[in-house]
Amino acid sequence: MDSPIKKTQFKRVTRRELLKLTPVAALGAFAIPSLQKPLLKAGLGFSDWASAKLFRTQHLAPTFDDSELTPFEKFPVNDYDVDDPEVELDNWTLTVSGAVQKPGDYKLVAIQQLPKVVRNTRHVCVEGWDVIGRFGGARLSDFLKMIGADTSARFVYVECADDYYESIDMATALHPQSMLCYEMYDRPLTREHGAPLRLTIPTKIGYKQAKYLTDLKVTNVLQKVGYWEDQGYSEFYGL
């Protein structure tokens, strides 16, 4: 019969060894096909939650001198479907809905009447490249104020002329560098880069910065998160 001392030592060793084996067991779980997707989704969800908690609303992304700009002709044209969805620029409007006091259709001139900001910031693509561009437009926060948005809502959701869609959390929407961009390099936004209006958000990865905007909704509930997010990519992806 085992002595009480040996039993205690066995329990202590067992607990210690189990703690050592926990990471191995977690990694082993990824080898089980049925557990891979749920584990990855849970891990990504935790990462997004933590990133959102750590987001500093007044912390600015770096800005750069004009001498550091990537030449316009070398700024990549990136899309998920087509380079030009052939927006009728003269008839374009941004349709606003959701938790706002002034829903409706807004022409570009209404957005251009808001205080204009111009910044040289870095655009980072999830594919691994980054460039420094010059962007001009209106602060998204100023536009949200103009339309009487309920800024206690959780999200700003946008849809685009090329059927792309995206969402950002309200804290990011209110960040002072988040922009409704209608100019690049002091010229009107070109079709390839999202004319007439796109999001420019230097605190986020590139796929959050939707082009060819047609609809904007302030909401607490998302039926869809984003084109890439709904395929398993990060929902927050801050830089």
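Residues numbered from 1 in each chain as written. Predicted model: local features only at pLDDT ≥ 70, side-chain atom pairs only at ≥ 80, totals over all residues. Heavy atoms only, no water.

Participant: When you look at the overall build of the chain in this model, what are you seeing that I'm missing?
Facilitator: Per the secondary structure count, the chain includes five helices and 10 strands. For the chain, the proportion of its 239 residues judged to be buried stands at 40%. Within the chain, contacts between residues at least 6 apart in sequence are counted, and of these 70% link residues at least 24 apart. Entry remark: accessible area of the chain is about 13700 Å², with carbon and sulfur atoms responsible for 55%. (Helix = DSSP H or I, 4+ residues; strand = E, 2+ residues; numbered from the N terminus. Buried < 20%, exposed > 50% of the residue type's maximum accessible area, 1.4 Å probe, protein only. Contact = heavy atoms within 4.5 Å. Areas by Shrake-Rupley, 256 points an atom, 1.4 Å probe, with all protein chains shown as cover.)

Participant: Before we go on, may I ask you to explain the pattern of salt bridges in this structure?
Facilitator: Think of it this way: side chains of opposite charge can pair up when their charged atoms draw near. According to the stated counting rule, one finds nine salt bridges in the structure shown. Between Asp142 and Arg139 there is a salt bridge, with its nearest N and O atoms 3.5 Å apart. (Salt bridge = Lys/Arg side-chain N within 4 Å of Asp/Glu carboxyl O.)

Participant: Where do I start with the environment of Asn120 in this structure?
Facilitator: Mapping Asn120 onto the fold places it in strand 3 (residues 116-124). A C-alpha to C-alpha distance of 9.7 Å links Asn120 and Pro202, two positions 82 residues apart in sequence. If sequence neighbours within four positions are ignored, Asn120 has contacts with Pro62, Thr63, Phe64, Asp65, Asp66, Leu69, Gly133 and Arg134. Here Phe64 takes part through its backbone oxygen, which lies 3.0 Å from a polar atom of the side chain of Asn120. Within polar-contact distance, the side chain of Asn120 engages the side chain of Arg134 at 3.1 Å. (Polar contact = N/O pair within 3.5 Å; in protein donor to acceptor, adjacent residues only side chain to side chain.)

Participant: Can you walk me through the side chain of Lys208 in this structure?
Facilitator: Relative to the assigned elements, Lys208 resides in the loop between strand 9 (198-200) and strand 10 (213-219). The exposure class assigned to Lys208 is buried, which follows from its relative accessible area of 1%. A distance of 2.7 Å separates a polar side-chain atom of Lys208 from the backbone oxygen of Ser167.

Participant: What exactly am I supposed to notice about a nonpolar patch on the surface here?
Facilitator: Taken together, the side chains of Val126, Tyr233, Tyr237 and Leu239 present a nonpolar region at the surface, about 340 Å² in accessible area. Note on placement: Tyr237 falls in the segment after strand 10. (Patch = residues over 30% accessible without salt bridge, like charges linked within 9 Å, V, L, I, M, F, W, Y side chains within 5 Å.)

Participant: Where do I start with the packing of aromatic side chains in this structure?
Facilitator: Here a ring pair, both rings aromatic, is described through the centre-centre distance and the interplanar angle of the planes. Overall, the coordinates contain 11 aromatic pairs when judged by the stated rule. Between Tyr157 and Tyr165 the ring centres are 6.4 Å apart and the planes differ by 45 degrees, which places this aromatic pair in the tilted class. Given a relative accessible area of 10%, Tyr157 falls into the buried group. On the basis of relative accessibility, which here comes to 11%, the residue Tyr165 falls in the buried class. Centroid distance Tyr207 to Tyr233: 5.7 Å. Interplanar angle 85 degrees. Geometry classified as edge-to-face. Placement of the pair is Tyr207 in the loop between strand 9 and strand 10 and Tyr233 in the segment after strand 10, with a sequence separation of 26 residues. According to the relative accessible area criterion, Tyr207 is buried, its value standing at 7%. (Phe/Tyr/Trp six-rings, centres within 6.5 Å; stacked < 30°, edge-to-face > 60°.)

Participant: What should I look at first to understand unusual backbone geometry in this one?
Facilitator: A negative phi angle is the norm for most residues apart from glycine, just as the trans form is the norm for most peptide bonds. Cis geometry is found at the peptide bond from Ala195 to Pro196, where omega equals 5 degrees. Mapped onto the secondary structure, Pro196 falls in the loop between strand 8 (187-188) and strand 9. At Glu86, a position not held by glycine, the phi torsion is positive, near 60 degrees. Along the chain, Glu86 falls in the loop between helix 2 (33-54) and strand 1 (94-98). The exposed category is assigned to Glu86, whose relative accessible area is 64%. For Asp186, which is not glycine, the phi dihedral falls at a positive 65 degrees.

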